[in-house]
Amino acid sequence: DAGVTQSPTHLIKTRGQQVTLRCSPISGHKSVSWYQQVLGQGPQFIFQYYEKEERGRGNFPDRFSARQFPNYSSELNVNALLLGDSALYLCASSLATANTEAFFGQGTRLTVV
Amino acid sequence: AQSVTQLDSQVPVFEEAPVELRCNYSSSVSVYLFWYVQYPNQGLQLLLKYLSGSTLVKGINGFEAEFNKSQTSFHLRKPSVHISDTAEYFCAVKNYGGSQGNLIFGKGTKLSVKP
């Protein structure tokens, strides 16, 4: 069984550009969450989606947005990139929102120059 | 609001020695507790979790953790470490119940196992 897959694995963008990151959850998982992990820190919660609806949002600016598709895959969009957006972006999937086990993908390393 | 404090940012230890990675949390509601491991350039892998019941939880790779409610701690232990245990370890909490299932992580502890 495939785990959580994220694409691309690495990305370099220029300040002010926009980026879209993609995540495919484990088959059968309906909940997808996004986390930002800045170098040297723990992951910070950005969004959670369940059944295509936003169920939670962390303390991130409106430049960050996400959506979930009918097949439960998800995209994270970041507009007007700043140098400080450089981080590892992790996607996690679980069966449901309250489910206790979240499975993480390998992440997308975003570098903003 | 919930928070997680990992008391040591780096822990160096010799191979086959025991190790304890410390984690304290703060929460006004009941929580689930987790330890994740992250190898270089990889995502997070669940080591173990405490949901309820026995306060001593056993996980993968020989790790175990003990939940102490009075001290709001969830320290991770291994009696004998291997070189391959070198990684970063994250403690995390999650609200008990509720419709939002996000994890709150500590800043991580880098475990470095030396031969």
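This report concerns the structure included in the present document.

Thresholds applied
Residues numbered from 1 in each chain as written. Chains lettered and ligands numbered in written order. Predicted model: local features only at pLDDT ≥ 70, side-chain atom pairs only at ≥ 80, totals over all residues. Heavy atoms only, no water. Contact = heavy atoms within 4.5 Å. Buried area = accessible area lost by both parts, 1.4 Å probe. Salt bridge = Lys/Arg side-chain N within 4 Å of Asp/Glu carboxyl O. Polar contact = N/O pair within 3.5 Å; in protein donor to acceptor, adjacent residues only side chain to side chain. Helix = DSSP H or I, 4+ residues; strand = E, 2+ residues; numbered from the N terminus. Nonpolar A, V, L, I, M, F, W, Y, C, P; charged D, E, K, R; others polar. Pairing = 2+ DSSP bridges. Axes fitted to C-alpha atoms, helices over the stretch in contact; angles between N-to-C directions.

## Some points on the interface of chain A and chain B
Then comes step 1: Each side of the interface is counted separately: chain A has 22 residues, and chain B has 21 residues.
Then comes step 2: In this assembly, chain A packs against chain B so that about 1800 Å² is buried in total across both faces, 48% of it on carbon and sulfur atoms.
Then comes step 3: Note that Glu 101 of chain A and Lys 49 of chain B form a salt bridge whose closest N and O atoms lie 3.1 Å from each other.
Then comes step 4: For the pair chain A and chain B, the interface holds five residue pairs in polar contact (both at pLDDT 80 or more).
Then comes step 5: Looking at the side of chain A that touches chain B, the elements with two or more residues in it are β4 (31-37), β5 (44-50), β6 (53-57) and β9 (87-94) of chain A.
Then comes step 6: The leading source of residues in the side of chain A that touches chain B is β6 of chain A, at three residues.
Then comes step 7: In the side of chain A that touches chain B, the residues fall into eight nonpolar, 11 polar and three charged.

## So, the sheet that holds strand β3 (residues 19-24) of chain A
Residues and elements named next belong to chain A.
Then comes step 1: In spatial order, the strands read β1-β3-β8-β7; together these four strands make up an open sheet with antiparallel pairing. Edge positions in the open sheet fall to β1 (5-7) and β7 (64-68), since each of these has one partner strand only. Averaged over all adjacent pairs, the angle separating strand axes in this sheet is 15°, with direction ignored.
Then comes step 2: Pairing analysis gives three bridges linking β1 to β3, with the strands arranged antiparallel.

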